[in-house]
Structures are given as structure tokens and as C-alpha cells.
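Close look at the chain arrangement
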Amino acid sequence: MKRKITLCLFILFLFHFGIAQEEEQKNEKEKTEQQDRPPKGERHSRPSGERPPRGEDQGRSGGGRGNMTIEQWKMMSERMPKIGKVSGIIIDENSGKPIEYATIALVLGIDSSIIDGTVTNAKGQFVMEELPVGRFHITAEYMGFESYTSEPFMLNPRRSPEADLGTIQMNFSSEILEEVVVKEKKPFMELELDKKVINVADNITVAGGTATEVLEQVPSVEVDMDGNVSLRGSQNLTILVDGRPSALAGGDPSAVLQLIPADNIEKIEVITNPSAKYDPDGMAGILNIILKKNKKIGLNGLVSAAYTIVDEYNLSGTLGYKNKKVNIYGTYTHRNSEREFTRYNSRINTLSDTTFSFIQDGAGARRSISHNMKTGVDFFPNSSSTIYTSALFGFNTGDDKGENIYEYFDDAENFTHRGRVLEQEDEPSRNKEFTLGYQKRFKNNWSHTLNADINYSDNFEEETAFIENGLYAVGDVDFVDPLEAITTQTDITDQERQVIQARIDYEKPFENKSKMEVGYKSIWRFTENVFDSSNDDLDNEFNFDEQIHAVYGIYAYPITEKFTVKGGLRLEQAKTDSKLVTTGQSFDKNYFSWFPSLSLSQDLEKHGQISLSYSRRINRPRTRQINPFVSYSDPLNFREGNPDLNPEYTNAVELGYMKRWEKLTLTPSLYYRYTTDIINRYKTVNDEGVSTLTYVNLSSSHAYGLELSVMYNPTKWWRLMPSIDLTQTILDTDNIDADLNSNNFRVGGRIMSNMTVWKNCDIQAFAFYRLPSKIAQGRMKGMIFMTIGAKKKILKDKGTIGINIRDPFGIGKFQFITESDTFYQEGTRQREPYVTTFSFSYRFGKQERNNRRGRGDRNGGMGGGMDDMMD
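Note that the structure is predicted; figures quoted are calculated from it, not measured.

1. Side note on a nonpolar patch on the surface
- Among the surface-exposed residues, Leu299, Leu319, Tyr321, Ile328, Val377, Phe379, Ile387, Leu436, Tyr438 and Ile454 lie close enough to one another that they form a single nonpolar patch of about 850 Å² accessible area.
- At the level of elements, β17 (312–322), β19 (355–382) and β22 (429–441) are the ones that each hand at least two residues to the nonpolar patch.
- Counting through the fold element by element, Leu319 comes out in strand β17.
- By relative accessible area, Leu319 is classed as partly exposed at 45%.

Here it is, written out as C-alpha cells:
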């Protein structure tokens, strides 16, 4: 019934706005026909902006031969060899950064006809070759910038066959933006050789959700039932928010993602092989979540709200004021959510003297209420300096309720008795974070920069858990008459985590187009974990302190105009101090690590671009993984950490290629990872049939992979973005158990479809599929998951309303098998399906953007891209 209701709501939404749009188009038809602005296709065929009128250069065209006609020029160009070449670089005048995808047209001076054209690459470079003789000029266009027209120049096979136009600076234009921004949309995925940029600001199917739902749709990324994120099949990755680890939820990645509203996210950067400039944590790479930012002069803001029919709602607001001297901003987000889940486990224990089994059937709900606020000021003392400061505060409460019912069987499969475990957890927490920094851009070159900042964060969480455990007869289905006294236990866990980070980074470009980057960074982490139980024998206190000090250096050199080499080295000294206060045990580690990186890139012009990169990275054990205290919350499934865990290291090589056509872009990648001391879960079962999950270092693994991302526009109103990831992982576990050695082939794929069915009304669908695959001690079954949604702009395009349905067919299940010599277990877990969300957002304030490009403009007080971050 719930599935039918949600699908009907979705259809009614589309039907209503389809009728409304037809009426709107009828009323505006006359206005549309009266517009005299050239259509977009015509603008591209004849670039706009000031240019020589027809015939202006006739007296000087064609090599100074008088008033040459176009017919005479054609005859002359046919007789002479086409060896002309025109090249140059397009950059943003304010930021000094290259402009990619700028449209370059070669214009003949005689009649202003376009002879050739191209687009700039990621470095802003363009080259046109095999050109005829004549006098030309070029025009350059890019959305949001004023058109550029060069001075006339001559191509002559004897005297001047080549014209190097040098560095061309383009200015931002607010007028052009007002014309184009309504029609042009950023593609869902922008493909670059060193990273993928996933633009999610207009993603319909995640409206009203969280960052967890956003990452589920990112190519090569998977999110499991517990919110754990993996990249290319590995959970060893780094998740950043605006280039930093977030202070929210104590830095726990899965909890942090649940606290970030999807409507506040601008884009996701996926960097699979980062350079030595970035922190080396994360074996598979980096996911950087970029929050929305203010780039407009004056007072501006955004409010949004969402409601889900499973009793969940979100509210958020952003307000900012900016002028030439200061940028003041503030954000507030509130989330109140409750999601139900189900789980099923069937385990057969085969011990030395007996065999018995049980079935675990459970259900529960997670309630979360969060309030998060961020405010900051960016001060611009002059045109090249920015002083910035910000503060973040978060207050969150959460509670989990669950019921697990056990059915026990003997070795003859006779049903012997029942068991029931009731769980209730309350988890209030508070977070705070402060940042103070300075950025200097040297006036002789905006790419010449100095950055320094210090950041402090503190997170405190108190978890109170109540557990009730009882055994009952087979016929006691209502659990009213226990076979023995019911046991209860109340546990209180207090955890405080403080982090201090300080860094300084310097970038210096040189006249030969090479660039040097150097920097220093220190991190101090202090974690205190106190466990107090109604069972005094279980009381525990665990403290963990960590220091990391690092320096790095990078040098990039263009050997030719099309071939660039970039090499770097990062050196780190790390020290950890762990102490189990209850027993007086101490576990200390002190280790030095080096992290080289190398990348080679070649521009193949019309044949695309190719790159080869290498990096060494690390995955350090987390506090939960090394805390030796045993968790007894589930009487049949214990959990404990391993304080002797070592960090794992990986060496990664990646070969990437990118090719663009008019409607199609392909980006295949081949990658290889060799990893040592792999941190992995390991489960054992004792003679009483109780399992214990811990963590161990496995010997090594070899991972080979192929990834293919595609962007295809069959028509102007339809975009398709499929991707597929194939990984072969060979796992060596001889140091623990040779029987666990595995050879796993994993296939995952997804597709995003976006259709503009009416003006300002879009429909979006997303689907993900993963083939069955092996894991250590078992295998994962295949999985399919879907989401659909629709969005409509209203109120003169300042407002947006939408609807989306998560798992509309109820098929999104996580299924797994775990086994060893002593047990065999099958499990199924599922989030609540048919979740329907309605959303609304409204923008207000001035629409002019500022040409200034200081730190305050790039981050807007709400974050910046990874290119703007120093680590």
C-alpha cells in the first residue's frame, strides 16, 4: 500500500506541473517570439563581443595585397601550404587560474568568417594547426565572461607561419551571466584527469536528504547499511568537508555525513591518486564535500525545507553580506529524522563436540535531531590579502531503539527455546570548531600565494545504553514468562575528542611556466573514552593521543607545451600514545613515513588527454579499532579493538585517459594498488557459540581495476551518465589464516538520467547495481537500488519545489554470508523503503557577483574546492 501511495504522489506531481507548464508556455509564447537575442547555437557559430565589421581589414588582408576579395583569398590559400599555427593560454584576469572549455574561434579578416575553432584544455591552453595563409584575429568566449577579440595577426608560410598569442586574460561579466545562467546547467559530472567533480547542487533525487544519500550516487562510491563509505571497493578513504576533516560528530565519517543536509552541498570532488601536497590518509583516495558559498555583492540568502512522509523534516537557512572590504556570513541547519530498519541473521555454530544454530530477527528505528550553526568573517585589508575567521557550533541528540528475537536449534534442528534482547540508546553530543587564517596573493602573479591558518575543534558525546536480555520457552511468543531471571544492564560512555591543526603553504610560479609548492602541517589529537556500567566489572577508561608533523615539496615542469611532469615528496613523523587506564596498560608507537608522488600528463590535442600518476598513502587505525575493551551490547556478538594494530600502506598507480566529442565524453582509467598490513575485520566463535569481532593486520593485497565514466547527451533535454567499476583483489592472509586467502572480482555500476520535460521542470532517475563478490571470511550478495525524483522552478526562478522517492520498489537490501571452520552465517539488512520527500527552497537578495577573487570569494564563508585547499 505504501508503495502505491508514493508512486501515485509522484505521478500526480508530474501531471499537475505538466498542465501548469503548458498554460505558462501558451501565455509566454508571444513574448518569446519577440525576443531578438540570437539563439545559443547562433552565438557559438558567430562569437559575440566587439569585432571588426565586414570588410574592415580588407585592405590589409591576404598579406598586404590591396583590397583582396574572398575569392582571391581562397585561390591563394589553395596554392600555398597550410602550415600555419596559432596558440595561446586563456586565464581568469582576477584569479590568474586557467579557464577550461573556453571556445576559441579563428576569424578571417576579409569577411569575418570562422576558419577554424577549438576549446581550451584544463591548463587553459589552445592550439590550432594546419591553418591557411591570411590575416586573422581570434575570439574567445566562456560562459559568465566578457568575449575577447585579439588584435589582427598575419600567418605567412615564409615569414610568420606561427602566432603565439601568449597569455590572454578574460574578465567576468555579470550581464552575460544574467542572460545565460537560467539556460545553462552544470553537468552532473565534470571529468578531469586528476579528479572527478560531481555537481550535486541541482540533484533532484537527494533533495531533503543528507550527504549519505549524495555519496550513494557518486561514481565508484558505495555506502553500506551502517553508512560506511567505500571508494573503488575500499573503505580506507578520507572524507573532507571544505578541504578539512569535519569536527561534527567527533569526526566519525558515517555520523558526519548524516548531519550535513544534501541541500547545502555544492559538489563532491573525487581524487583517487592525490599528490604529496595532500594529507596521505585514505588508501583509496579523497572525497571532498564542498558546501555552497556566497559570491554575490550585497545581502543575499537562501532558505529551504523538506518533509518526508515517514515523519522527518529538515530546515536550513543561509544569510550573507559582502562588499569590497568584508564578507560576513552565517548558516543554520536543523534536521529531525527517524528511519526504520530490519535485519535478519541465521548462524550455524559447528564446535568440537556439538552443533547448534540460531536465527536472529530484528527491527528498530533511529531518531536524530540536530542543530548546527556556522558563522564567519572574511576581511580584505587590500586587493591581495584576506584575513578569515569562522566558528561552528553543533548540538545533536539521537536515540536508537531495537528488538532482536533469537530462535535456538540443537544439532538435530529441533527448536529448543527463544531469546529476546531489547536495546535503547540515547546519544546527545555537542561540537565546536574555530578557524583563523591569512592568505596573501602577490600582485605580480595571482598564482603566487602564501596561506597560513590554525584550527581547533572539540567534540563531546555521551551515550547511555539500556539492554534487557531474556530466555523464553518455544511457545512463549509474547515473551511473558522467562525461563530464568531477566538480566538488565545500563552503560554510559563519555567520549571527548580535541584536535588542533596548524599549517602554512607557499606556491611560487616561474617564468618558464614551472611551479614550486612547499608547506608544513602539524596535527595534535586528544581522545578520552570513559565507560561506566551497572556491572562494575565492565568499567573502562581508554585514552588515545596522536601527533603528526609533516613537510612537503612539489615541483611541476612543462617539458613541452603538451607534456608536463609533476613530482613531490611528503615526510611525516607520527607518534601515538594509548593507555587503558583501568588496567594500567600502555601501547605506544612512533614511526616515520615518506610519501612520494609523481604524475605525467600529455595533451594529445584532438585525440584527448592522457596521464600517468603514482602515490604512496597510509591508513591509520581509528580509536574504535584499537580500544581493547570488549563491547557486550549483543550477548551473542561481542566486539573489541586491537591496540597492536599497525598502519597500512599502499602504493597506487593510475593510468587515465579523457576524450571529448560534441555529445559524448569518455574517461576510462586503469589502476593498481599494492597494500601491506591491511586492517580488516576478523570474527571468531568460542565454545559457547558467542562470536567476537576484532581487527587484525593481514599480510598484503593486490588490487587491479578498470573504471569507465561516460557523459552522453542524446538530445538537448536529456542527459545520461553511466559508469562502471571492475576490480580484481587478491588477498594474502597467510599471517592469520591461509584458508582466508581470496581472489575477488567485483563489478559495480550506476546510471543517472536527467530529463527536462518542460521548461524549468526536470525528472531524474538513479540506479545502482553490484554483482555478488567475495570478502574476507565470506561473500556479499548482489544488490540493486533506485531513486526517482522531479523538480520545478517557481516564483520567477527564485523558488524550487520537488519530490523524490527513495527505493520505490523496496528492493534495496544488503545481503551477506560469513563463514569459517566453526560457523556459517547468513544476514540481510534493509533501510526503510518507499521513503517519499517533498522539498522547497527560495533564494533572495541581489544577483550581481563580485569580480574580486580573494579567499573570501572562493570560499564565500562556506567552503572551497580542493584546488583551493592546501592539504
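2. Thoughts on helix α5 (residues 70–79)
- Regarding α5, the residues found buried are Ile70, Trp73, Met76 and Ser77. When α5 is viewed along its axis, its buried side chains cluster within an angular range of 120° and face the same direction. Residues of α5 that are exposed and point over 90 degrees away from its buried face: Glu71, Glu78 and Arg79.

3. Considerations on the environment of Glu423
- Mapped onto the secondary structure, Glu423 falls in strand β21 (residues 415–426).
- In this structure, the C-alpha to C-alpha distance between Glu423 and Glu468, residues 45 residues apart in sequence, is 6.7 Å.
- A polar contact is formed between the side chain of Glu423 and the side chain of Asn404, at a distance of 3.1 Å.

4. Looking at the pairing of strand β36 (residues 742–758)
- By the bridge criterion, 14 bridges tie strand β35 (residues 718–732) to β36 in an arrangement that is antiparallel. Within the sheet, the bridge partner assigned to Arg719 lies in β36 and is Asn754.
- Pairing geometry for β36 and strand β37 (residues 761–770), over ten bridges, is antiparallel. If you follow Ser753 over to β37, its bridge partner there is Ala765.
- Once β36 ends, the chain turns through two residues before running back antiparallel as β37, passing Asn760 with a positive phi of about 65°.

5. Describing the layout of surface pockets
- Put simply, the second largest pocket is a space of about 240 Å³.
- As for the second largest pocket, its lining consists of 14 residues, of which Asp739, Leu740, Gln777, Gly778 and Glu819 are closest to the centre.
- Going through the elements one at a time, β38 (773–775) and β39 (778–780) are the ones with two or more residues in the lining of the second largest pocket.
- When grouped by side-chain class, the residues that make up the lining of the second largest pocket number three nonpolar, five polar and six charged.

6. So, the side chain of Asn404
- Structurally, Asn404 is set in strand β20 (residues 385–409).
- Excluding residues that lie within four positions of it along the chain, Asn404 makes contacts with Arg343, Gln360, Asp361, Gly362, Gly419, Arg420, Val421 and Glu423.

7. A look at the confidence of the model for the chain
- Of the residues in the chain, 85% reach a pLDDT of 70 or more, and the chain-wide mean stands at 81.
- Across the chain, the element-wise mean pLDDT spans from 37 in helix α10 (residues 855–859) up to 94 in strand β26 (residues 540–558).
- A low-confidence stretch, residues 19–25 stays under pLDDT 50, and its non-local contacts, those more than four residues away or across chains, total five contacts.
- Contacts from residues 847–871, a stretch scored under 50 in pLDDT, to residues over four places away or in other chains number 110 contacts.

Scoring rules and cut-offs
- Residues numbered from 1 in each chain as written.
- Predicted model: local features only at pLDDT ≥ 70, side-chain atom pairs only at ≥ 80, totals over all residues.
- Heavy atoms only, no water.
- Patch = residues over 30% accessible without salt bridge, like charges linked within 9 Å, V, L, I, M, F, W, Y side chains within 5 Å.
- Areas by Shrake-Rupley, 256 points an atom, 1.4 Å probe, with all protein chains shown as cover.
- Salt bridge = Lys/Arg side-chain N within 4 Å of Asp/Glu carboxyl O.
- Helix = DSSP H or I, 4+ residues; strand = E, 2+ residues; numbered from the N terminus.
- Buried < 20%, exposed > 50% of the residue type's maximum accessible area, 1.4 Å probe, protein only.
- Arc of directions from axis to C-beta.
- Polar contact = N/O pair within 3.5 Å; in protein donor to acceptor, adjacent residues only side chain to side chain.
- Pairing = 2+ DSSP bridges.
- 1 Å grid on protein atoms, 1.4 Å probe; cavity = no way out; pocket = protein on both sides within 12 Å on 5 of 7 lines; lining within 4 Å.
- Points joined across faces, edges and corners; volume = space filled by probe spheres on them.
- Nonpolar A, V, L, I, M, F, W, Y, C, P; charged D, E, K, R; others polar.
- Contact = heavy atoms within 4.5 Å.
- pLDDT = per-residue confidence, 0-100.

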